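Chain by chain, the residues:
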Amino acid sequence: MTLPETLLPKLSEWRPAGAGRHSWAEAFPAAGWDVRVAADKADSLSCLVWEVALTRTAAPPAGLTVATWAAAVAARVGGLMEPLKVHEIDAARDEAVLRSVAPAKKADNLAYYEVWLQGTTEAVLRRFTASKAEPGRDQVAFALTHETIARVAGDVAG
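The structure displayed is predicted, hence computed values, not measured ones.

Thresholds, definitions, all that
Residues numbered from 1 in each chain as written. Predicted model: local features only at pLDDT ≥ 70, side-chain atom pairs only at ≥ 80, totals over all residues. Heavy atoms only, no water. Salt bridge = Lys/Arg side-chain N within 4 Å of Asp/Glu carboxyl O. Helix = DSSP H or I, 4+ residues; strand = E, 2+ residues; numbered from the N terminus. Buried < 20%, exposed > 50% of the residue type's maximum accessible area, 1.4 Å probe, protein only. Axes fitted to C-alpha atoms, helices over the stretch in contact; angles between N-to-C directions. Left-handed = near helix turned anticlockwise from the far one by under 90°. Contact = heavy atoms within 4.5 Å. Nonpolar A, V, L, I, M, F, W, Y, C, P; charged D, E, K, R; others polar.

### Considering the pattern of salt bridges
Reasoning step 1: What the rule picks out here adds up to nine salt bridges.
Reasoning step 2: Across the pair D40 and R21 runs a salt bridge, and its minimum N-O distance is 2.7 Å. Residue D40 is found in strand β2 (residues 33-42), and its partner R21 is found in the loop between α1 (3-13) and β1 (22-28); the two are separated by 19 residues along the sequence.
Reasoning step 3: By relative accessible area, which is 25% here, D40 ends up partly exposed.
Reasoning step 4: According to the relative accessible area criterion, R21 is partly exposed, its value standing at 43%.

What follows is the structure in structure tokens.
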């Protein structure tokens, strides 16, 4: 079974209790990944996601670099409101940042997804808003179905 096929039923079973942000984590050794989701709300179909994080637990494919992984993630990830593109590769720090190709616009604010890759072993998906009038940005929660979370995780994992 693939990572999305094994992840989806686990997410559907997650029932956090109480108000506030909750975290869920599960190891998927057959797929070679650990997955963590932080969410402000979760129900049987979806989550108000704060972040989705993946950590590779198996050896990365031969020849994989942060740059080749970033390019592959940008080409594969579907299901988000905006497609992703490679924004920056920092070879010295072995990091990559992918962002939405075209941020969503609402009044003077922009909203965009960001995927941060550390080496070939860690990926974190978040969403940010920024104002055209003021410097800085704020991380925000975003709604995704469990099916979309599983699909994005599988697309990032490759």
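Further notes follow.
### Concerning the packing of α1 against helix α3 (residues 146-157)
Reasoning step 1: Contact pair α1 / α3: the axes reach a minimum separation of 8 Å and the direction vectors enclose 145°. For the element pair α1 and α3, the recorded crossing hand is right-handed. Where α1 approaches α3, its residues L3, P4, L7, L8, L11 and S12 are matched on the opposing element by H146, E147, I149, A150, R151, A153, G154 and A157.
Reasoning step 2: Residue classes in the contact of α1 with α3 are distributed as nine nonpolar, three polar and two charged.

### Quick notes on unusual backbone geometry
Reasoning step 1: In this structure, D94 is a non-glycine residue whose phi angle is positive, near 60°.
Reasoning step 2: Position of D94 among the secondary structure elements: in the loop between β4 (84-90) and β5 (95-100).
Reasoning step 3: For D94, a relative accessible area of 35% corresponds to the partly exposed category.
Reasoning step 4: Positive phi values are uncommon outside glycine, yet A107 reaches one of about 55°.
Reasoning step 5: As for its placement among the helices and strands, A107 is situated in the loop between β6 (104-106) and β7 (109-118).
Reasoning step 6: A107 gets classed as exposed once you look at its relative accessible area, which sits at 72%.

### Notes on the environment of A96
Reasoning step 1: Among the structural elements, A96 can be located in strand β5.
Reasoning step 2: Judged by relative accessible area, which is 0%, A96 ranks as buried.
Reasoning step 3: Through-space distance from the C-alpha of A96 to that of T65 is 10 Å; in sequence the pair is 31 residues apart.
Reasoning step 4: The contacts of A96, once residues within four sequence positions are left out, are V66, A70, E88, I89, V115, W116 and L117.

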